[in-house]
Amino acid sequence: MLAAIISRITKCLLSNGRLLSTDSSKIDEPLKVEEAETISSPPPPTEKLLVLGGNGFVGSHVCKEAVAKGISVSSLNRSGKPCVRESWADSVMWHQGNLLLPDSWKDAFNGVTAVISCVGGFGSNSQMYKINGTANINAIRAAAEKGVKRFVYISAADFGLVNYLLRGYYEGKKATEAELLSKFPYGGVILRPGFIHGTRKVGSISLPLSIIGSPLETVLKHAKPLTGVPLVGPLFIPPVNVVAVARVAVRAATDQVFPPGVVDVHGILRHGDQK
């Protein structure tokens, strides 16, 4: 009987907004909830991307893609800031330096978390080896010394006989690939596109390379088995749009789960379709 009376009294007090207390003088005081202590967590790490050759055809698209993703972007080029009247160019920190002259550019790697190299060129065999090989190898070693986490290199697909005709070009790229895999076994990515198409600007002239490249890409991207045919196989390597190359390069440089190693043309096409 006594238990029933106590139960009714408790329900009555609770229904009137009062809380039962062992101290009768504090029955009418509302429940005080202590404010939880705020724990300040450090902000997420900020990606600082350095694009080598960012004023070139592929490099400019890489910079544009990275800026669009809100990434802090800087670029190292022999001529510094390009004469481009586009908003993305104003969001890039431009450095002037020659990768063959280390004293002119090492400060550009300070604070950088990832590097994308679009450096390459043609000329005599010795010149091509320096541009495609020595210059990039210098950059890879500097990046490793600075503690850069990821390094993406835009290389080139194997075109068989063409490799011999442009021996310095391909030997330089192969030397760079070997150095990258050695210095960045867990954070190095090599992209091997074939013919890269898109709108390429040469001075004030725009070259619509996609007029040829886009139809060939549509047809040849389904002809992967033919690329293994001796001698003529390389002729079936599909072209790839420069936007896709840039998208994959930026993703490979900033996405920690992107697998290291070599990505061929078909891999670029596959990853490039992913938004």
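For the structure itself, consult the block above.
Residues numbered from 1 in each chain as written. Predicted model: local features only at pLDDT ≥ 70, side-chain atom pairs only at ≥ 80, totals over all residues. Heavy atoms only, no water.

What about the sheet that holds strand β4 (residues 114-117)?
- Strand order across the open sheet formed by 7 strands is β3-β2-β1-β4-β5-β6-β11, with parallel pairing between neighbours. The open sheet is flanked by β3 (92-96) and β11 (261-263), the only strands paired with a single partner. With strand direction ignored, the average angle separating the axes of adjacent strands in the sheet is 20°.
- Here strand β2 (residues 72-77) runs beside β3; their pairing, made up of 5 bridges, is parallel. Each bridged residue has a counterpart across the sheet, and for Val 73 the counterpart in β3 is Val 92.
- Helix α8 (residues 242-254) contacts β1 (48-52), β4, β5 (150-154) and β6 (188-191) of the sheet and is inclined by roughly 160° relative to β5. (Pairing = 2+ DSSP bridges. Helix = DSSP H or I, 4+ residues; strand = E, 2+ residues; numbered from the N terminus. Axes fitted to C-alpha atoms, helices over the stretch in contact; angles between N-to-C directions. Contact = heavy atoms within 4.5 Å.)

Overview of the pattern of salt bridges
- On inspection of all chains with the given rule, the structure shows 7 salt bridges.
- Of the charged contacts in the structure, one is a salt bridge between Lys 81 and Asp 90, with a shortest N-O distance of 3.2 Å.
- Note on Lys 81: relative accessible area 45%, which makes it partly exposed.
- A salt bridge links Asp 255 to Arg 251; the nearest nitrogen and oxygen atoms lie 3.7 Å apart.
- Taking the relative accessible area as the measure of exposure, Asp 255 reaches 23% and is therefore partly exposed.
- One network of salt bridges, in which partners are shared, links Arg 141, Glu 179 and Lys 183. (Salt bridge = Lys/Arg side-chain N within 4 Å of Asp/Glu carboxyl O. Buried < 20%, exposed > 50% of the residue type's maximum accessible area, 1.4 Å probe, protein only.)

Scope: geometric values only; no functional claims are made or implied.
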